[in-house]
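The chain contents come next:
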Amino acid sequence: MEIRKVLVIGAGQMGAGIAQVAAQAGLEVVLNDLKPDFLERGIATITKNLSRDVEKGRKTEEEKAAVLSRIKPTTNMGDAHDAQLAIEAATENMEIKKNIFRQMDEVLPEGAILATNTSSLPITEIAAVTSRPELVIGMHFMNPVPVMKLVEIIRGLATTDEVYKSIEDLSKQMGKVPVEVNDFPGFVSNRVLMPMINEAIYCVFEGVATPEAVDEVMKLGMNHPMGPLTLADFIGLDTCLAIMEVLYEGFGDSKYRPCPLLRKYVKAGWLGKKTGRGFYTYS
Ligand SMILES: CC(=O)CC(=O)SCCNC(=O)CCNC(=O)[C@H](O)C(C)(C)COP(=O)(O)OP(=O)(O)OC[C@H]1O[C@@H](n2cnc3c(N)ncnc32)[C@H](O)[C@@H]1OP(=O)(O)O
Ligand SMILES: NC(=O)C1=CN([C@@H]2O[C@H](COP(=O)(O)OP(=O)(O)OC[C@H]3O[C@@H](n4cnc5c(N)ncnc54)[C@H](OP(=O)(O)O)[C@@H]3O)[C@@H](O)[C@H]2O)C=CC1
């Protein structure tokens with residue numbers, strides 16, 4: 001099946017990025033969020049990224065306008081009634097995702113693929129709330145989406161080979177490198193990354209070092225492009241905590257217990273860059 005029109009749910013940092021790369025790949029995009037101001041924020045981010053591409057000579061003004069014209073922001077999911085694919089990128093919470101998948105299952109036509117950009121939640125459990133689990137798949141982009149090459153693709157128990165192949169081909173069409181992994185908590189990316197970030201938070205919590213010192217060690221000592229606490233702020237501390245909870249519950253192993261300082265920051269509303277404060281402050 002040729003994918004020409006895609007519904008993207010959630011216009012946050014991931015949804016906006018996914019909408020941008022899908023439109024750049026020539027797809028018609030319906031971008032859905034709960035409130036018009038979230039949609040406006042998402043479109044503003046995409047416009048800023050495209051303007052940077054024009055300034056750097058990577059795109060013309062006409063190409064920028066063409067990409068933007070392919071993205072339709074809407075609070076009405078029904079606008080995607082004729083889409084061949086949906087990619088859900090809402091908050092990392094199982095109940096929210098299940099509700100969205102129930103709705104998408106009603107709105108999208110028979111045969112349409114339902115993908116989730118979840119960082120850690122079981123694809124099989126999400127698929128089970130739909131009438132088409134064989135058409136449900138994990139399509140996990142990395143942040144920032146326009147820059148990062150990887151898409152981790154995760155099959156649910158019932159996902160067909162044909163659906164896998166469609167998503168693999170589409171990832172390549174979007175300029176990404178797909179890697180297949182199995183459906184286990186956190187997949188590969190966050191099973192490896194998030195315990196490192198959690199451990200970095202423990203270093204601050206236990207007074208081993210300041211956030212700045214922890215980040216310098218990992219940047220200068222291990223050649224990481226960002227220190228783990230800067231990266232945690234960039235991902236969003238709510239998302240980091242949600243992923244640690246999934247690992248902790250999913251494996252039942254105490255090595256995945258979320259650091260109390262991470263919980264405290266999330267309770268305080270210090271969610272990182274997106275709220276202006278996390279381990280660092282942002283203007
Ligand atoms: C949680 C999950 O489930 C999975 C995840 O996504 S985990 C997070 C994975 N991501 C990472 O680990 C990112 C680690 N950080 C990096 O790779 C780099 O710091 C970075 C690419 C974000 C920025 O790179 P940098 O060299 O430090 O800064 P900078 O020179 O400003 O940016 C490099 C390029 O990326 C672009 N860029 C940076 N941030 C961007 C953003 N948020 N959106 C779009 N483009 C961005 C810049 O425009 C720049 O491109 P050009 O110079 O070609 O125009
Ligand atoms: N941050 C990251 O680095 C990465 C995140 N992910 C995953 O991507 C997903 C989104 O994360 P991210 O973009 O960072 O999160 P954000 O908080 O930036 O964005 C989530 C967006 O989804 C909206 N939303 C929540 N519920 C619904 C709903 N029912 N219908 C439509 N929109 C809804 C939110 O609105 P509101 O603000 O009202 O809640 C918000 O605008 C998560 O599953 C996350 O785990 C994957 C890879 C990397």
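- The protein goes by 3-hydroxybutyryl-CoA dehydrogenase in an unreviewed UniProt entry, where it is assigned to Tumebacillus avium.
- Comment text from UniProt for the protein, heading Sequence similarities (unreviewed entry), reads "Belongs to the 3-hydroxyacyl-CoA dehydrogenase family."
- According to the UniProt record, the Pathway (unreviewed entry) comment for the protein is "Lipid metabolism; butanoate metabolism."

## As for the layout of surface pockets
If a probe the size of a water molecule is rolled over the atoms, the empty space left behind becomes visible.
Part 1 of the reasoning: There is about 180 Å³ of room inside the second largest pocket.
Part 2 of the reasoning: Considering every element that reaches the lining of the second largest pocket, the biggest residue donor is helix H10 (residues 237-251), with five residues.
Part 3 of the reasoning: Classifying every residue of the lining of the second largest pocket by side-chain character gives seven nonpolar, two polar and four charged.
Part 4 of the reasoning: Each of two domains, domain 1 (5-182) and domain 2 (190-273), supplies a minimum of three residues to the lining of the second largest pocket.

## Examining the UniProt feature "domain: 3-hydroxyacyl-CoA dehydrogenase C-terminal" (unreviewed entry) in the protein
Part 1 of the reasoning: Within this numbering scheme, the UniProt entry marks residues 186-282 as carrying the feature "domain: 3-hydroxyacyl-CoA dehydrogenase C-terminal" (unreviewed entry).
Part 2 of the reasoning: Helix makes up 62% of residues 186-282 and strand 0%. Its end C-alpha atoms lie 28 Å apart.

## What to know about the domain arrangement of the protein
Part 1 of the reasoning: Assigned domains within the protein: domain 1 (5-182) and domain 2 (190-273).
Part 2 of the reasoning: Here the C-alpha centre of domain 2 lies 26 Å away from the C-alpha centre of domain 1.
Part 3 of the reasoning: Each side of the interface is counted separately: domain 1 has eight residues, and domain 2 has eight residues.
Part 4 of the reasoning: With both sides pooled, the region where domain 1 packs onto domain 2 buries about 650 Å², and carbon together with sulfur makes up 59% of that total.
Part 5 of the reasoning: Looking at the side of domain 1 facing domain 2, the largest losses of area belong to Glu 92, Ser 119 and Ser 120, adding up to 51% of the total buried there.

What counts, and at which threshold
- Residues numbered from 1 in each chain as written.
- Chains lettered and ligands numbered in written order.
- Predicted model: local features only at pLDDT ≥ 70, side-chain atom pairs only at ≥ 80, totals over all residues.
- Heavy atoms only, no water.
- UniProt positions renumbered as here; feature names shortened; annotations may be inferred.
- 1 Å grid on protein atoms, 1.4 Å probe; cavity = no way out; pocket = protein on both sides within 12 Å on 5 of 7 lines; lining within 4 Å.
- Points joined across faces, edges and corners; volume = space filled by probe spheres on them.
- Helix = DSSP H or I, 4+ residues; strand = E, 2+ residues; numbered from the N terminus.
- Nonpolar A, V, L, I, M, F, W, Y, C, P; charged D, E, K, R; others polar.
- Domains from an automatic or database assignment.
- Contact = heavy atoms within 4.5 Å.
- Buried area = accessible area lost by both parts, 1.4 Å probe.

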